[in-house]
Amino acid sequence: MEKVRVAVVQAASVIMDRKESIKKAVSLTKEAGEKSAKIVVFPEAFIPAYPRGLTFGATVGSRSEEGRKDFLRYLENAIVVPSEETHILGEAAKKAGVYLIIGVIEREGDGSRSTLYCSVLFFGPDGKLLGKHRKLKPTGSERLIWGEGDGSTLPVFHTPYGKIGTLICWENYMPLARAAMYAKGVDLYIAPTADAREVWQSTIRHIAVEGRCFVLSCNQYVNKEMYPKDLACFSDLESSPDEMCRGGSAIVGPLGDYIKEPVWGREEMMIADLNLKEIAASRFDFDVVGHYARPDVFHLTVNETKRDQVTWENEKEANR
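Everything numeric here is computed off the predicted structure, so don't read it as measured data. (Residues numbered from 1 in each chain as written. Predicted model: local features only at pLDDT ≥ 70, side-chain atom pairs only at ≥ 80, totals over all residues. Heavy atoms only, no water.)

## Digging into the layout of surface pockets
Test applied: Residues are called lining when one of their atoms sits within 4 Å of a cavity or pocket point, these points coming from a 1 Å grid over the protein atoms alone, where a cavity is a set in which a 1.4 Å probe fits but cannot get out and a pocket is an open set with protein on both sides within 12 Å along at least five of seven lines. Grid points are joined across faces, edges and corners, and a volume is the space filled by probe spheres set on the points. The numbering of helices and of strands both runs from the N terminus, where a helix is a DSSP run of H or I of at least 4 residues and a strand a run of E of at least 2. Residue classes follow a fixed rule: Ala, Val, Leu, Ile, Met, Phe, Trp, Tyr, Cys and Pro count as nonpolar, while Asp, Glu, Lys and Arg count as charged, and any other residue, Gly among them, counts as polar.
The volume enclosed by the largest pocket comes to roughly 690 Å³. Taken together, 25 residues line the largest pocket, and the ones lying closest to its centre are E108, Y117, K306, R307 and D308. The set of elements that each furnish at least two residues to the lining of the largest pocket consists of β5 (99–107) and β7 (129–134). A breakdown of the residues in the lining of the largest pocket according to their chemical character gives 4 nonpolar, 9 polar and 12 charged.

Put into structure tokens, the structure is as follows:
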């Protein structure tokens, strides 16, 4: 394909409500499909929320019972992958005929079922769950509520529109993580985020120039009124501004120029037609993993082995 229409959805979750957040995602995916988009991108942690401003009752050396209640609510509204919820999202992608890329809070489906991950799910236009990426390194207080992903979820997916991959928010400040994505040949670089600072725009423009790829950055627009008032630690938000996250979603071309400039202060679906020939043309004078690389000097090893805490051996293997 030489061109593709994409939709970057700057919208808020229905905070702490998995069912209603999924319903909103399904509706917006349908709308994007009706606008002829073939790739639809949602923000980090869209289902059920990026819990900006909440402390979960934690200070150094102690946790509160109220904070545990909020964490339990967060966990109970997370998504197991795969599940009935992922089936619903897949069906939405199929009905709209799109690649759907959406940030979720994933609940571990095995073991204790009590660890959460900040993940991005990929669905094909046939409705199939193609795979997922788990955030490798939660930032700051995120480490209290999310576990760390491993190298087994660093996929890049082949599509008719080029190779699609993602790093989430401040993972994009990890040079070696970016190098791994470039080495997999990413053409459409998805950067869901919760970072609404102006400097984030410098980050996504740098990635586009460095990787000679399109960057689709997607953030939420959230105000305080959207938070449920019955949160056990709702008082955490008293000193927070009314506008909790101002957005800043944008689409950048492979030479670092805006295709869609950042949107601030509102929810909006950004639609853009990307000329995919620009990718190869931009790599004429710089290909970070091709003619501009120096593998004789620099080398990166990526461990893509699934990290298991326990390895089980059956009796036959144990007695060998």
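So that's the structure; there's more coming.
## Re the environment of V40
The residue V40 is located in strand β2 (residues 39–41) in this model. For the pair V40 and T29, spaced 11 residues apart in sequence, the C-alpha separation works out to 6.9 Å.

## Comments concerning the pairing of strand β8 (residues 156–159)
So the rule is basically this: Any two strands are treated as partners once DSSP identifies two or more bridges connecting them.
Sheet topology note: the β8/strand β9 (residues 162–166) ladder contains 4 bridges and is antiparallel. Bridge assignment links H158 to a residue of β9, and that residue is K163. Hairpin connection between β8 and β9: a loop of 2 residues separates the two successive antiparallel strands.

## A closer look at unusual backbone geometry
The omega angle of the peptide bond from I47 to P48 is 0°, so this bond is cis rather than trans. Position of P48 among the secondary structure elements: in the loop between β2 and β3 (58–59).

## Thoughts on the pairing of strand β6 (residues 116–123)
Spelled out, the test is: Here the term buried applies to any residue with accessible area under 20% of the maximum for its type, exposed to any over 50%, and partly exposed to those in between, with areas from a 1.4 Å probe on protein chains only.
For β6, the tally of buried residues reaches 8 of 8 residues, placing the bulk of the element in the interior. Side chains L116, C118, V120 and F122 of β6 all project onto a buried face; the interleaved residues Y117, S119, L121 and F123 project onto the opposite face, where all are buried too. Here β5 pairs with β6 via 8 bridges, running antiparallel. Bridging across to β6, R107 finds its partner in L116.

## Concerning the packing of helix α1 (residues 18–34) against helix α3 (residues 84–96)
Going by this rule: Here an angle of 0 to 180 degrees is reported between the N-to-C directions of two axes, which are lines fitted to C-alpha atoms, with helices fitted over the stretch in contact. Should an angle fall under 35 degrees it is called roughly parallel, over 145 degrees roughly antiparallel, and 65 to 115 degrees roughly perpendicular, with every other angle called oblique. Each crossing gets its hand from how the near helix is turned against the far one by less than a right angle, where anticlockwise is left-handed and clockwise is right-handed. We call two residues contacting when some pair of their heavy atoms lies within 4.5 Å.
Where α1 contacts α3, the axes come no closer than 8 Å and their chain directions differ by 15°. The pairing of α1 with α3 is recorded here as roughly parallel in orientation. Here the hand of the crossing between α1 and α3 comes out right-handed. Contact residues: α1 offers R18, I22, A25, V26, T29, K30 and G33, while α3 offers E85, I88, L89, A92, A93 and A96. Broken down by class, the residue content of the contact of α1 with α3 amounts to 8 nonpolar, 2 polar and 3 charged.

## Let's talk about the UniProt feature "domain: CN hydrolase" (unreviewed entry) in the protein
Operational definition: UniProt positions are given in the numbering used here, feature names are shortened, and annotations may be inferred rather than shown by experiment.
Within this structure's numbering, the places UniProt gives as "domain: CN hydrolase" (unreviewed entry) are residues 4–276. Here residues 4–276 runs as 25% helix and 31% strand, with 7 Å between its end C-alpha atoms.

## Things to note about the nonpolar core
Across soluble globular proteins, nonpolar side chains have a tendency to be buried as a group. Rule in force here: To form a nonpolar core, buried Ala, Val, Leu, Ile, Met, Phe, Trp, Tyr and Cys residues must be joined to one another through side-chain atoms within 4.5 Å.
Formed by 48 residues in total, the largest nonpolar core has its most connected members in I39, Y74, L216 and L274. Here the element with the most residues in this core is β6; it accounts for 4 residues.

## A closer look at the side chain of D70
Heads up, the condition is: Within this scheme the basic residues Lys and Arg register as positive and the acidic residues Asp and Glu register as negative, but His and the chain ends are omitted. By definition, a salt bridge exists where a carboxyl oxygen of Asp or Glu is found within 4 Å of a side-chain nitrogen of Lys or Arg. Distance and chemistry together define a polar contact, namely a pair of N or O atoms within 3.5 Å, with one atom able to donate a hydrogen and the other to accept it when in protein, and with adjacent residues in sequence counting only for side-chain atoms on both sides.
Note on placement: D70 falls in helix α2 (residues 65–76). No salt bridge is formed by the buried D70; its nearest oppositely charged neighbour, R73, is found at 5.4 Å. For D70, the side chain forms a polar contact with the main-chain nitrogen of A232, separated by 2.9 Å. Once residues within four sequence positions are removed from consideration, D70 is found in contact with M16, F56, L231, A232 and C233.

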